[in-house]
Amino acid sequence: MKFTPRYPSLNPKLYHEQMPAPLKGAKAGHFNEALADELQWSEQDKAEWVEICSGQKTFAEFHPLAMVYAGHQFGQWAGQLGDGRGLLIAQILNKNNQTIDLHLKGAGSTPYSRMGDGRAVLRSVIREYLAGHALNALDVPSSNSVGFTTSEQGVQREKLEPGAMMLRTSDCHIRLGHFEWINQYQPELLKEFTQKCIEWHYPECLKAENPVLAFATRVIQNTAVMIARWQLVGFAHGVMNTDNLNITGSTLDFGPYGFMERFRPNWINNHSDYNGRYTYQNQPSIAHWNLWNWLNNLIPLATPENKEQFKQELADCLEHFEPTFLENYTHGLCQKMGLPAFHKDSFDCGMAFLRIMQSEQLDYTNSFIRLQNKKYEAIKDDCLDRRQFESFLTQYENIRENQDTDTLDAEMLNANPLYILRNHMAQKAIEQAERDDFSEVERLFTLLSQPFTKQPDVERAEDLAPLASDIPEVMVSCSS
Ligand code: AMP
Ligand code: MG
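Parameters and conventions
Residues numbered from 1 in each chain as written. Chains lettered and ligands numbered in written order. Predicted model: local features only at pLDDT ≥ 70, side-chain atom pairs only at ≥ 80, totals over all residues. Heavy atoms only, no water. Disulfide = S-S within 2.5 Å. Core = buried A, V, L, I, M, F, W, Y, C linked by side-chain atoms within 4.5 Å. Buried < 20%, exposed > 50% of the residue type's maximum accessible area, 1.4 Å probe, protein only. Helix = DSSP H or I, 4+ residues; strand = E, 2+ residues; numbered from the N terminus. Domains from an automatic or database assignment. Contact = heavy atoms within 4.5 Å. Expected span 1.5 Å × (residues − 1). 1 Å grid on protein atoms, 1.4 Å probe; cavity = no way out; pocket = protein on both sides within 12 Å on 5 of 7 lines; lining within 4 Å. Points joined across faces, edges and corners; volume = space filled by probe spheres on them. Nonpolar A, V, L, I, M, F, W, Y, C, P; charged D, E, K, R; others polar. UniProt positions renumbered as here; feature names shortened; annotations may be inferred.

Note on terminology: a disulfide is the covalent bond linking the sulfur atoms of two cysteines. Applying the stated rule across the entire model yields zero disulfides. Here Cys317 stays unpaired: no disulfide links it, and the sulfur of Cys205, its closest cysteine neighbor, is 10 Å away.

So this is what it looks like as structure tokens:
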């Protein structure tokens, strides 16, 4: 590994140095060797992956640390939070010379654990491991993971479950909530911290007339792009608290997430989300709310004489959110539909297709694949309101008439995954892993590595359809 420690150069009030506390009887779960190669792990690092991913081996080049941050959880100020069960154990260069954080989740309690035990259970580790892998393969900016380990040590949740650790990789673990913590508890650190964030993550902004405003704009744009990509693949994060969004707009900290199956935009995938704040359909507006809330923490960077103007300029930065989101979403939806993005009726037609999926409770992923394969009759056969589908199809074919449909069809192939991580797929892999059989994790890992490519030898019928509507959903909730 090529170490490039930079977080430890920040003021020590922002973190607590601490060693991982390994679980008893740690054993291999799964290792992402391709990612380890990308991260320039040596043969020896790879040979020691179980020790590294279980907290038994740390590195002289980097002292593990827990970050402090704060946040708004479910819309309420939650005060100080922080890495309560994860440690930053290294910052290293990948093959592209980009700095990547290695964050060991489930590594034991820290001063920020509050009431928690500092641990993660195998179930939630496998969910995050597979989803991070799936999102990366779907080209959605996201954390990933080099590997996870399980253990013989039980961790108490509603029942006793196997404890586990996961080595997460991300281009950034600085959350919107870092700024909230600083603003609330150590405002004198704001200037230097912001400067470092710009240098590390948005160096191009240093050249701008006002680097802070340029930085704010880029954070807002990147977040809008990320949310557009979530919507397009049907990903619902489930816990979009301000402590779970980072400043680079790469997906972080997803546990109770869900990939949309039957199209229900108001689906509550996180069972701790009693009011449905974080449903799929709310994600763009919640991101906007989080960013608005975040911008307030930058106000103290104004000089006394330009405070009012600076406040207005920060508010103006937020004006970039909606157009960036809409442009990315519309473009992506048109690609998925095989429609020309410049045509005035394309977006409308896309919405009409989504309305059919919603009213007929059709599977989101499969409906696009059927459209791509021109299986119009098959879609219509699944519709109760066949006339609604017919009128959509007329509009659809009208728009495509006289267009370069070969190019549009080719774009569809790269925009419509065949495979997503359905909750019941993850659940089956978890149940087997809890019996020390990781073959289903391995199978899903392979399948989700190439979600756009048909893999007849790897896929199973269950991967291709939602559960029957009378089978109860898998229940997933926060912080397990
Ligand atoms: P999450 O909902 O997973 O993003 O977690 C919210 C906050 O609770 C973060 O500060 C976590 O570090 C902390 N947390 C979650 N689970 C645990 C746990 N088992 N032990 C200690 N802290 C935890
Ligand atoms: Mg979190």
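Core analysis: the biggest nonpolar cluster contains 147 residues, and Tyr7, Trp41, Trp294 and Phe392 have the highest contact counts within it. Top contributing element to this core by residue count: helix α7 (residues 211-233), with 14 residues. Summarising the domain contributions, this core has at least three residues from each of domain 1 (7-176) and domain 2 (328-415). Leaving out residues up to four positions away in the same chain, Phe392 has contacts with Met337, Cys349, Ala352, Phe353, Ile356 and Leu371.

This next bit is on helix α4 (residues 122-137). For α4, with 16 residues, the first-to-last C-alpha span of 22 Å sits near the 22 Å given by 1.5 Å per residue. Most of α4 is tucked away: 13 of the 16 residues are buried. With its phi angle positive at about 65 degrees, Asp139 sits one or two positions after the end of α4.

Put simply, the second largest pocket is a space of about 510 Å³. Those elements that provide at least two residues to the lining of the second largest pocket are α1 (33-38), α4 and β10 (160-170). Sorting elements by how many residues they give to the lining of the second largest pocket places α1 first, with three residues. Here the lining of the second largest pocket is composed, by residue class, of seven nonpolar, twelve polar and five charged.

Moving on, we come to the UniProt feature "binding site: Mg(2+)" (unreviewed entry) in the chain. Taking the UniProt record as the reference, the feature "binding site: Mg(2+)" (unreviewed entry) is found at Asn244 and Asp253. Relative to the helices and strands, Asn244 is located in the loop between β11 (235-236) and β12 (258-259). A residue is classified by how much of its surface remains accessible, and Asn244, at 7% relative accessible area, is buried. Apart from the residues within four sequence positions on either side, Asn244 is in contact with Arg175, His237, Val239, Leu252 and Asp253. The contact partners of Asp253, leaving out residues within four places of it in the chain, are Lys105, Glu128, Arg168, Arg175, His237, Asp243 and Asn244.

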